[in-house]
Amino acid sequence: MLPFIVRRMVAMVLMLFALSIVTFLMFAVIPSDPARLTCGKACTPQSIEANRHRLGLDEPLVVQYSRFIVGIPCGRIYTTEGAILQCPALDSTLVAGPGQFECPAPCLGYSFLEGEPVTTLITEALPPTVALAIGAFILWMVGGITLGIFAALRRGHWQDRTAMGFSLIGYSFPSFFIGYVLLYFIIFKWSLLPYPKYVPFADDPIQWLNSFILPWITLAMLYAAYYVRLTRNQMLETLGDDYIRTARAKGLPERTVIYRHGFRAGLTPIVTSAGLDLAGLLGGAIIAEQVFGIPGLGRLSVRSVLDSDLSVIVAIVLLAGAFVIVANIVVDILYATIDPRVRL
């Protein structure tokens, strides 16, 4: 088991390295000009060119990439000459010496439009996104898998048709439509909950919980619809295998046959989908965060794209890609736990 995990961890490091190269090249070849974006309003061709030289954008791509990589863990913005920049962590103006601009903590670059290190922006936006993703994940996994198993055991009956109808409806509607429907009926028409307004958990746990109930339900309905169908199909496939009939012939309890033999054998594709879906949400549930006003990575990414804030966009792309890569490694390890044949 240990060599298997080591191989997967080495592969993860290589994939993260490849992701950093692809991300850097992607933003290096787009037609947008960071020197113009960070120049301000009163720009002249001379000031733009001076800003490009100051930021090191006139250096070869290899040199720029090396500075980009070093700046991720060290919190430095490398320049070719001194520059006067704001460092909010120090609450003062710093005069950078030739070659670099340093904040006292890693900053993943600096957002000139927001006036803050990217680390500060990511740190503020990540907790709401994590809370949204994990809460919705728990709801859709519990609801989707439970309904899927129930539908498989009642195949052809009205319970099966009802569960499949629910999954079809939930899978057909986009998340923003589900969110607005819940807002209209739960908040405005029936007044069952106060209007969701995000506050940090430490400030008001009750208000924090109220701000996530509807977003959790919105995402859970969307994803649970898929997991109902997936779990049902996997259960029907495994329950028809010979070893299931053998287990029943031996007189094993039906609960043991279903959950220990049938469900575990069909768990592999469910684990795959769950890991990737959770990783995707950790990168930012853009629509749900926009609908319910949650200040997470999704809203931050939308604002960064609209403002062409390349430093923040690069950081979010790297973070979201890292979530997906790590999720793949976790899924591989879970495969080996569920099915020992995978280790070979």
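These numbers come from a predicted model, not from an experiment.

## Considerations on the overall build of the protein
When helices and strands are counted, the protein shows 14 helices and 6 strands. Counting every position in the protein, which comprises 344 residues, the buried fraction comes to 40%. Pairs at least 24 apart in sequence give 64% of the contacts found in the protein among residues at least 6 apart. As presented, the protein carries roughly 18,200 Å² of accessible surface, and 67% of it is formed by carbon and sulfur atoms.

## Quick word on a nonpolar patch on the surface
Together, Ile169, Phe173, Phe176, Phe177, Tyr180, Ile286 and Ile287 line one region of the surface with nonpolar side chains, adding up to about 660 Å² of accessible area. When residues of the nonpolar patch are traced back to their parent elements, those giving at least two are α7 (175-189) and α12 (286-292). Residue contributions to the nonpolar patch peak at 3 residues, all from α7. Among the secondary structure elements, Phe173 is positioned in the loop between α6 (158-172) and α7.

## Observations concerning the nonpolar core
By size, the foremost hydrophobic cluster in this structure holds 46 residues, and its most contacted members are Leu132, Trp140 and Ile270. Residue assignment for this core shows that the elements contributing at least two residues are α5 (118-153), α7, α8 (205-239), α9 (242-249), α10 (254-265), α11 (268-282), α12 and α14 (310-338). Once residues lying within four places of it in the same chain are set aside, the contact partners of Trp140 are Ile145, Leu219, Ala220, Tyr223, Ala224, Tyr227, Asp277, Leu278 and Leu281.

## Section: α7
Compared with an ideal rise of 1.5 Å per residue, which puts 15 residues at 21 Å, α7 spans 20 Å between its outermost C-alpha atoms and is within 8% of the ideal. Taken together, the buried positions of α7 are occupied by Ser175, Ile178, Gly179, Leu182, Leu183, Ile186 and Ile187. Against α6, α8 and α12 lie the buried residues of α7. At the C-terminal side of α7, Ser191 shows a positive phi close to 55 degrees.

## Remarks on the packing of helix α1 (residues 2-29) against α14
Direction vectors running N to C along α1 and α14 enclose 160 degrees, while the axes themselves pass 10 Å from each other. In terms of orientation, α1 lies roughly antiparallel with respect to α14. At the point where α1 passes α14, the crossing takes the right-handed sense. Residues of the contact of α1 with α14, tallied by class, amount to 20 nonpolar, 3 polar and 2 charged.

## Structural notes on the environment of Ile134
Note on placement: Ile134 falls in helix α5. Look at Ile134 and you get partly exposed, because its relative accessible area is 41%. Along the backbone, Ile134 and Leu281 are 147 residues apart, and their C-alpha atoms lie at a distance of 8.7 Å.

## Overview of the confidence of the model for the protein
Averaged over every residue, the pLDDT of the protein is 77; residues scoring 70 or more account for 80%. Low pLDDT, under 50, characterises residues 75-107; the stretch is placed with 80 contacts to residues that sit more than four places away or in other chains.

## A few points about the side chain of Ser211
Position of Ser211 relative to the elements: it lies in helix α8. Since its relative accessible area comes to 2%, Ser211 is described here as buried. Beyond its immediate sequence surroundings of up to four residues, Ser211 is in contact with Pro196, Lys197, Tyr198 and Ile294.

## Quick notes on the pattern of salt bridges
Within this structure, the stated rule accounts for 3 salt bridges. A salt bridge links Arg232 to Asp160; the shortest N-O distance between them is 2.8 Å. Taken together, the residues Arg232 in helix α8 and Asp160 in helix α6 connect sequence positions 72 residues apart. Residue Arg232 is classed as buried on the basis of its relative accessible area, which comes to 14%.

Conventions adopted
Residues numbered from 1 in each chain as written. Predicted model: local features only at pLDDT ≥ 70, side-chain atom pairs only at ≥ 80, totals over all residues. Heavy atoms only, no water. Helix = DSSP H or I, 4+ residues; strand = E, 2+ residues; numbered from the N terminus. Buried < 20%, exposed > 50% of the residue type's maximum accessible area, 1.4 Å probe, protein only. Contact = heavy atoms within 4.5 Å. Areas by Shrake-Rupley, 256 points an atom, 1.4 Å probe, with all protein chains shown as cover. Patch = residues over 30% accessible without salt bridge, like charges linked within 9 Å, V, L, I, M, F, W, Y side chains within 5 Å. Salt bridge = Lys/Arg side-chain N within 4 Å of Asp/Glu carboxyl O. Core = buried A, V, L, I, M, F, W, Y, C linked by side-chain atoms within 4.5 Å. Expected span 1.5 Å × (residues − 1). Axes fitted to C-alpha atoms, helices over the stretch in contact; angles between N-to-C directions. Parallel < 35°, antiparallel > 145°, perpendicular 65-115°, else oblique. Left-handed = near helix turned anticlockwise from the far one by under 90°. Nonpolar A, V, L, I, M, F, W, Y, C, P; charged D, E, K, R; others polar. pLDDT = per-residue confidence, 0-100.

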